[in-house]
Amino acid sequence: MENSKNSSLSKLIPVMLCFFAMGFVDLVGIASNYVKADLGLSDSQANIFPSLVFFWFLIFSVPTGMLMSRIGQKKTVLLSLLVTFASLLLPVFGDSYMLMLISFSLLGIGNALMQTSLNPLLSNIVRGDRLASSLTFGQFVKAIASFLAPYIAMWGATQAIPTFDLGWRILFPIYMIVAVIAILLLNVTQIKEEKEEGKPSTFGQCLALLGKPFILLSFIGIMCHVGIDVGTNTTAPKILMERLGMGLDDAAFATSLYFIFRTAGCFLGSFILRKMSAKSFFGISVVMMLIAMAGLFIFHDKTMIYACIGLIGFGNSNVFSVIFSQALLYLPGKKNEVSGLMIMGLFGGTVFPLAMGVASDAMGQSGAVAVMTVGVLYLLFYTFRIKK
């Protein structure tokens, strides 16, 4: 029994390191702000970077499911890590507009591959009742990488750590080293994968499920969740810079604050959802975000703005897991197709930043907040469609 536990733990450590690598995608928020400052870009130009990252979820989510059926989940995760490694290597050579576009594209492709394949890989190691808590813990580990990124970039920009003339870009080689360790550890870890029954779903079969009203509502809900997530990640420092005249290095803390509260929300949510219905908890979470959005329109005080950012982080932390589980419960016999569609919904990370960039160029950061508020209002509507 002890050997079985040790064996599971030895397999779990490399997989959890992969979850940490999954969080690298969130560095795009703070990185796009530094690239904007370095190259003198407008908001709409800079917001192309986070939009580009999440665009690839639309293209690669379902094909990745088909690829997994051919080469297996572990090899697909390893492929995702190799693509992520390449994306982190490029910025070492500079931060020109084209170089960063290519880097963020590869980061998005790698993350689309990883998001689709890593959760099923974990289900081969942890089964039954422990799977949900292990998935939540994976999101907790992912969030650690997310909130560390702004700190590392800030330390690099202020020369608080050795940067080898890279400045804030020291973030990329640091995370690249972690990606290499994850590749090496996962490669030598033996994981027995369960074979799928029946033929893998096709792109057409997945899209056909959008004809079912609740699946369509859930898909849009995922788009809104990711839009708010990426939007806050990118916009929070800009609000402080616009209203309080803060420099980017100081304002970068706002992004970390968001992820600190999102990390705490992921951790606490796994316990709260055992005691409270998904519908009630989801409703409370959305109301928290709605109050925070109203606050971001009104307040020009640093403490109050920080409080609003923290509320959004906590409120948005469990939205994905609730929507994802509700969609799976709605069609339990079509889990592969539903999973592919929900991951494709991460494409919302493309739509929202583009709209927010245009809105903020026209009317300041309040325009960006207005776009996110539309997403929160939709999630409020979705709350009433959730089963008890």
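Residues numbered from 1 in each chain as written. Predicted model: local features only at pLDDT ≥ 70, side-chain atom pairs only at ≥ 80, totals over all residues. Heavy atoms only, no water.

### Let's talk about the overall build of the chain
- A count of helices and strands for the chain gives 18 helices and zero strands.
- Taken over the C-alpha trace, the chain has a radius of gyration of 20 Å; the compact-globule value for 388 residues is 21 Å, and the two agree within 12%.
- Principal-axis analysis of the C-alpha atoms gives the chain an extent of 55 × 50 × 40 Å.
- Classification of the 388 residues of the chain by burial places 57% in the buried group.
- Sequence-distant contacts, at least 24 apart, represent 81% of the contacts inside the chain between residues at least 6 apart.
- Computed over 26 positive and 18 negative side-chain charges, the inter-centroid distance for the chain is 13 Å. (Helix = DSSP H or I, 4+ residues; strand = E, 2+ residues; numbered from the N terminus. Rg over C-alpha atoms; globule rule 2.2 N^0.38 Å. Buried < 20%, exposed > 50% of the residue type's maximum accessible area, 1.4 Å probe, protein only. Contact = heavy atoms within 4.5 Å. Lys, Arg positive; Asp, Glu negative; His and termini not counted. Charge placed at Lys NZ, Arg CZ, Asp CG, Glu CD.)

### Topic: helix H4 (residues 48–71)
- Here H4 is 24 residues long and its end C-alpha atoms lie 33 Å apart, about the 34 Å a rise of 1.5 Å per residue gives.
- At Phe-60, H4 is deflected by roughly 45°, the largest bend along its length, and proline Pro-63 occurs up to four residues later in sequence.
- All of the buried residues along H4 are Phe-49, Pro-50, Ser-51, Leu-52, Val-53, Phe-54, Trp-56, Phe-57, Ser-61, Val-62, Thr-64 and Met-68.
- Within two residues after H4, Gly-72 carries a phi angle of roughly 95°, on the positive side. (Expected span 1.5 Å × (residues − 1). Bend = angle between axes of the 7 residues up to and from the residue.)

### With respect to the environment of Ser-317
- As for its placement among the helices and strands, Ser-317 is situated in the loop between helix H14 (302–316) and helix H15 (319–330).
- A relative accessible area of 10% means that Ser-317 is categorised as buried.
- Here Ser-317 is in contact with Arg-262, Gly-265 and Cys-266, once residues within four sequence places are set aside.
- A polar contact is formed between the side chain of Ser-317 and the backbone oxygen of Phe-314, at a distance of 2.7 Å. (Polar contact = N/O pair within 3.5 Å; in protein donor to acceptor, adjacent residues only side chain to side chain.)

### Regarding the confidence of the model for the chain
- Residues with a pLDDT of 70 or more make up 94% of the chain, whose mean pLDDT is 88.
- Highest mean pLDDT in the chain belongs to helix H18 (residues 365–383) (97); lowest belongs to helix H16 (residues 335–344) (79). (pLDDT = per-residue confidence, 0-100.)

### Some remarks on the packing of aromatic side chains
- Summed over the entire model, instances satisfying the criterion amount to 22 aromatic pairs.
- The interplanar angle of 90° and the centroid separation of 5.8 Å between the aromatic rings of Phe-20 and Phe-24 together place this pair among those described as edge-to-face. Residue Phe-20 shares its accessibility class with Phe-24, and that shared class is buried.
- Members of the aromatic cluster, connected to one another through ring pairs, are Phe-55, Trp-56, Phe-60 and Phe-347. (Phe/Tyr/Trp six-rings, centres within 6.5 Å; stacked < 30°, edge-to-face > 60°.)

### Thoughts on the pattern of salt bridges
- Applying the stated rule across the entire model yields five salt bridges.
- For the salt bridge of Asp-26 with Arg-262, the shortest nitrogen-to-oxygen distance reads 3.6 Å. Pair noted here: Asp-26 is in the loop between helix H1 (2–22) and helix H2 (27–39) and Arg-262 is in helix H12 (residues 253–275), with a separation of 236 residues, a long-range link.
- By relative accessible area, Asp-26 is classed as buried at 3%.
- The residue Lys-238 makes a salt bridge to Asp-43 at a minimum N-O spacing of 3.2 Å. (Salt bridge = Lys/Arg side-chain N within 4 Å of Asp/Glu carboxyl O.)

### Here we look at unusual backbone geometry
- The residue Gln-159 is not glycine, and still its phi comes out positive at about 60°.
- Relative to the helices and strands, Gln-159 is located in the loop between helix H7 (129–157) and helix H8 (171–187).
- Phi is positive for Phe-164, which is not a glycine, with a value near 55°.
- Relative to the assigned elements, Phe-164 resides in the loop between H7 and H8.
- Phe-164 sits in the exposed class, given a relative accessible area of 69%.

### Quick look at the nonpolar core
- Core analysis: the biggest nonpolar cluster contains 125 residues, and Phe-24, Leu-27, Phe-104 and Tyr-175 have the highest contact counts within it.
- When residues in this core are grouped by element, the largest group, 13 residues, is from helix H10 (residues 213–244).
- Beyond its immediate chain neighbours, meaning those up to four positions away, Tyr-175 contacts Phe-20, Phe-24, Leu-27, Leu-88, Ala-145, Leu-148, Ala-149 and Ile-152. (Core = buried A, V, L, I, M, F, W, Y, C linked by side-chain atoms within 4.5 Å.)

### Remarks on the side chain of Asn-124
- Counting through the fold element by element, Asn-124 comes out in the loop between helix H6 (97–122) and H7.
- Look past the residues within four positions of Asn-124 in its chain and what remains in contact with it is Gln-73, Ile-191, Lys-192, Glu-193 and Glu-194.

### A look at helix H13 (residues 278–298)
- A rise of 1.5 Å per residue sets the reference length of H13, with its 21 residues, at 30 Å; its end C-alpha atoms lie 31 Å apart and thus fit the reference within 8%.
- Residues Ala-278, Phe-281, Phe-282, Gly-283, Ser-285, Val-286, Met-288, Met-289, Ala-292, Met-293, Gly-295 and Leu-296 constitute the buried set of H13.
- In this structure, the buried side of H13 is in contact with H10, H12, H14, H15 and H18.

### Considering the side chain of Arg-243
- Tracing the backbone shows Arg-243 in helix H10.
- The charged side chain of Arg-243 is buried without a salt bridge, its nearest counter-charge being Glu-242 at 4.3 Å.
- At 2.4 Å, the side chain of Arg-243 forms a polar contact with the backbone oxygen of Leu-296.
- Side-chain polar atoms of Arg-243 contact the side chain of Ser-366, separated by 3.2 Å.

### As for the packing of H13 against H14
- Direction vectors running N to C along H13 and H14 enclose 155°, while the axes themselves pass 8 Å from each other. Between H13 and H14, the interaxial angle falls into the category roughly antiparallel. The way H13 lies across H14 gives a crossing that is left-handed. On the side of H13, the interface is formed by Ser-285, Met-288, Met-289, Ile-291, Ala-292, Met-293, Gly-295 and Leu-296, while H14 contributes Ile-305, Cys-308, Leu-311, Ile-312, Phe-314, Gly-315 and Asn-316.
- Within the contact of H13 with H14, the residues separate by chemical class into eleven nonpolar, four polar and no charged. (Axes fitted to C-alpha atoms, helices over the stretch in contact; angles between N-to-C directions. Parallel < 35°, antiparallel > 145°, perpendicular 65-115°, else oblique. Left-handed = near helix turned anticlockwise from the far one by under 90°. Nonpolar A, V, L, I, M, F, W, Y, C, P; charged D, E, K, R; others polar.)

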